[in-house]
Amino acid sequence: GRLQGGDNDEFFPVASNLFLLERDGKTEVFKENLRLYLDFTGTDRYSTEKEMYEAISHDDVIKYLGAATIEGIEFLRFEYFEGKPLSSFTSIESLLPVGETVGIVSRLAELLDYLHGRGIAYMDTKGKNVLYNGKDIKELDFGMARFCNGSVRSLLSTPEYVAPEMGTSFTGYKETDIFQIGILFYEMLCGKHPFARRELYDFIEGDMHRESAIVKYALAN
């Protein structure tokens, strides 16, 4: 079955197709490997998600099972982990107990420290990218992660979690991950975004260039 529908933009796709498949009695997730274009200032700034998964091994990262090519399309294969995204616990009505939230964010911080130690900046920490089943967490989606020796250039990120340095100069660092996890921690404790201006909540989101979301969040951040 299809878990997520990708977009149809053949020039600059930003969403992958995700499929749930049964193989040899086991459930796997197949993700279309789009190799997203991350930086228009260079000629080779493509996503290296596959290479990221091949370079890391951590219990709190979704287990990578290798790649498969079907009808000329490369797919990344992952274990199926049944859990809820942390974004499910960022509203007033759905907050977890404080101690549980602290434990989750502590594990996520340790994971980011592990990645930083291997020269990787994750660049897209947000509730949607971490699954939780009441015991364990699994970080997903390394499409925006970059091998980082100092700083990286990128035009892609989620507006709600854009750090100041990315919003002003499209420059990211390993420390950018710390800002993003801080935003997520605040949301899980308080049930709201720390910087979004209340009077901007009525802006229409989903426009082609994300102007409303950028005004609402990135500039405030």
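Up top is the structure these notes are about.
In this report, we go over the structure that sits alongside the text. (Residues numbered from 1 in each chain as written. Predicted model: local features only at pLDDT ≥ 70, side-chain atom pairs only at ≥ 80, totals over all residues. Heavy atoms only, no water.)

## Re the overall build of the protein
So, point 1. The number of helices and strands found in the protein is five helices and twelve strands.
So, point 2. Intrachain contacts of the protein at a sequence separation of at least 6 include 54% that bridge at least 24 residues.
So, point 3. With an accessible surface of roughly 11900 Å², the protein has 52% of that area assigned to carbon and sulfur atoms. (Helix = DSSP H or I, 4+ residues; strand = E, 2+ residues; numbered from the N terminus. Contact = heavy atoms within 4.5 Å. Areas by Shrake-Rupley, 256 points an atom, 1.4 Å probe, with all protein chains shown as cover.)

## Focus: a nonpolar patch on the surface
So, point 1. On the surface, Val 98, Val 102 and Leu 189 cluster together into a nonpolar patch covering about 230 Å² of accessible area.
So, point 2. Looking at the element boundaries, Leu 189 is found in helix α4 (residues 174-190). (Patch = residues over 30% accessible without salt bridge, like charges linked within 9 Å, V, L, I, M, F, W, Y side chains within 5 Å. Salt bridge = Lys/Arg side-chain N within 4 Å of Asp/Glu carboxyl O.)

## A closer look at the nonpolar core
So, point 1. Residues Leu 86, Leu 115, Phe 142 and Met 188 are the most contacted members of the largest nonpolar core, which totals 34 residues.
So, point 2. Looking at this core, the elements with two or more residues in it are α1 (49-55), β5 (73-79), α2 (98-117), β8 (130-132) and α4.
So, point 3. Per-element accounting of this core gives the leading share, seven residues, to α2.
So, point 4. Excluding its chain neighbours within four sequence positions, the residues that come into contact with Leu 86 are Ile 104, Gly 127, Val 130, Tyr 132, Leu 184 and Met 188. (Core = buried A, V, L, I, M, F, W, Y, C linked by side-chain atoms within 4.5 Å. Buried < 20%, exposed > 50% of the residue type's maximum accessible area, 1.4 Å probe, protein only.)

## Thoughts on the sheet that holds strand β9 (residues 137-139)
So, point 1. Spatially, the three strands line up as an open sheet ordered β6-β8-β9, and their pairing is antiparallel. Across the chains shown, the open sheet's two edge strands, defined by having one partner strand only, are β6 (84-85) and β9.
So, point 2. Sheet topology places β8 next to β9; three bridges connect them, and they run antiparallel. Directly across from Leu 131, in β9, lies its bridge partner Lys 138.
So, point 3. Along the sheet, α2 contacts β8 and β9; its crossing angle with β9, the most-contacted strand, is approximately 40°. (Pairing = 2+ DSSP bridges. Axes fitted to C-alpha atoms, helices over the stretch in contact; angles between N-to-C directions.)

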